[in-house]
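These are the residues of each chain, in order.
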Amino acid sequence: MVAIKKIICALDLAETSKEVAEYATMLAKLSNAEVVALYVAPTMTQYTGFHVPPNSIDTFVAEIVDGAKKSMDEFVKENFQGVNVKSDVVIGYAAEEILANAERENADLIIMGTHGRTGIDRMLFGSVAEKVVKNSVIPVLTIRPKA
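Starting afresh in each chain, residues are numbered from 1 along the sequence in its written order. Totals for whole chains, interfaces and linings use every residue, but because this is a predicted model, local features are given only for residues with pLDDT of at least 70 and side-chain atom pairs only at 80 or more, for both listing and counting. As a rule here, side-chain values come from all non-hydrogen atoms in the structure, and water together with hydrogens is ignored.

Even after reading the chapter, I still don't get the overall build of the protein chain, so can you show me in this structure?
Assigned secondary structure in the protein chain consists of five helices and five strands. Helix and strand assignments come from DSSP, with helices taken as H or I runs of at least 4 residues and strands as E runs of at least 2, each series counted from the N terminus. The N-to-C order of helical and strand elements in the protein chain reads β-α-β-α-β-α-β-α-α-β. Burial classification: accessible surface area is computed with a 1.4 Å probe over protein chains only, and a residue below 20% of its type maximum counts as buried, one above 50% as exposed, and the rest as partly exposed. Expressed as a percentage of the 147 residues in the protein chain, the buried residues total 37%. We call two residues contacting when some pair of their heavy atoms lies within 4.5 Å. Here the analysis covers contacts within the protein chain between residues at least 6 apart in sequence; of these, 78% occur between residues at least 24 apart. Using a 1.4 Å probe, accessible areas were evaluated by the Shrake-Rupley method; residue-level cover was limited to the displayed protein chains. Accessible area for the protein chain stands at about 9200 Å²; split by element, carbon and sulfur atoms hold 53% of it.

This is how it looks when you write it as structure tokens:
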């Protein structure tokens, strides 16, 4: 029988993240699973060739991570009541980090939102959810935000 013991809940801390957290919380309660709330801060390595001093980029990324950790702490307190949850903030490319975190944590399920992009937006920005779904060895539950 399939057992869900650990859930990776990938969040971007946008307003729609609350809906994603609701699903993670509900499934964690039903299965008595632990939740790892994950935020992936963007890497700025692609900007190192633009005559921007690397220490400026490193400082900027550190500020993003510090702010994200504070936001995650507040978000977790507000949205994951009644479940065993820990939060993690990492730096990198979102799809790669979500998959790596799921493997590292030996997770049984990934829950994440989609932005519902179509057309040119999807071509320009790609789809993190699509990359995770295509490359994950464990089930992925995607939550499309309400219109």
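There is more to say, and it comes next.
Would you mind going over the pattern of salt bridges with me for this structure?
Side-chain pairs of opposite charge can arise whenever the charged atoms involved come near each other. A carboxyl oxygen of Asp or Glu within 4 Å of a side-chain nitrogen of Lys or Arg is what we treat as a salt bridge. Within the structure shown, the criterion is met by five salt bridges. With a closest N to O distance of 3.7 Å, Glu-34 and Lys-6 form a salt bridge. Of the two residues, Glu-34 sits in strand β2 (residues 34-42) while Lys-6 sits in strand β1 (residues 6-11), which places them 28 residues apart along the sequence. With relative accessibility at 16%, the residue Lys-6 sits in the buried group. The network of salt bridges with common partners includes Lys-6, Glu-34, Lys-86 and Glu-105.

Looking at this model, I keep getting lost on helix α1 (residues 17-31). Mind explaining?
An α-helical turn contains 3.6 residues, so a residue and the one three or four places further along point in the same direction. Here, expected helix span is obtained from the residue count minus one, scaled by 1.5 Å. Between the first and last C-alpha of α1 there are 21 Å, a value that for 15 residues agrees with the 21 Å anticipated at 1.5 Å per step. Residues Ser-17, Glu-19, Val-20, Ala-21, Ala-24, Thr-25 and Ala-28 constitute the buried set of α1. Immediately beyond the C-terminal end of α1, within one or two residues, lies Asn-32, with a positive phi of roughly 55°.

What is the right way to read the environment of Ala-28 from this model?
Structurally, the position occupied by Ala-28 is in helix α1. By relative accessible area, Ala-28 is classed as buried at 2%. Put simply, Ala-28 and Ile-7 are 21 residues apart on the chain and 7.4 Å apart in space, counted from C-alpha to C-alpha. Residues contacting Ala-28, with those up to four places away along its chain left out, are Ile-7, Ala-33, Val-35 and Val-83.

Please explain the packing of aromatic side chains as it appears in this structure.
Each aromatic ring pair is summarised here by two numbers: the centre-to-centre distance and the angle between the ring planes. Here the aromatic set is Phe, Tyr and Trp, taking the six-membered ring for Trp, and pairing holds for ring centres within 6.5 Å; pairs whose planes are under 30 degrees apart are stacked, those over 60 apart are edge-to-face, and all others are tilted. Evaluated as defined, the whole model comprises one aromatic pair. With a centroid separation of 6.3 Å and 65° between ring planes, the pair formed by Phe-75 and Phe-80 is classed as edge-to-face.

I'm lost on the sheet that holds strand β4 (residues 109-113) in this one. Help?
Adjacent strands of a sheet form backbone hydrogen bonds with each other and so pair up, either parallel or antiparallel. Pairing is parallel in the open sheet, where five strands are placed in the order β3-β2-β1-β4-β5. Each edge of the open sheet carries a strand with a single partner, namely β3 (85-92) and β5 (140-143). Across the sheet, the axes of successive neighbouring strands diverge by a mean angle of 20°, strand direction being ignored. The pairing criterion for strands is at least two bridges between them, as found by DSSP. Summarising the sheet, β1 and β4 pair through four bridges and their orientation is parallel. Within β4, the residue paired with Ile-8 across the bridge is Ile-110. Strand contacts of helix α3 (residues 94-104): β1, β2, β3 and β4, with the helix running at about 150° to β2, the strand carrying the most contacts. To obtain each axis, a line is fitted to C-alpha atoms, and for helices this fit is confined to the stretch in contact; angles are then taken between N-to-C directions over 0 to 180 degrees.

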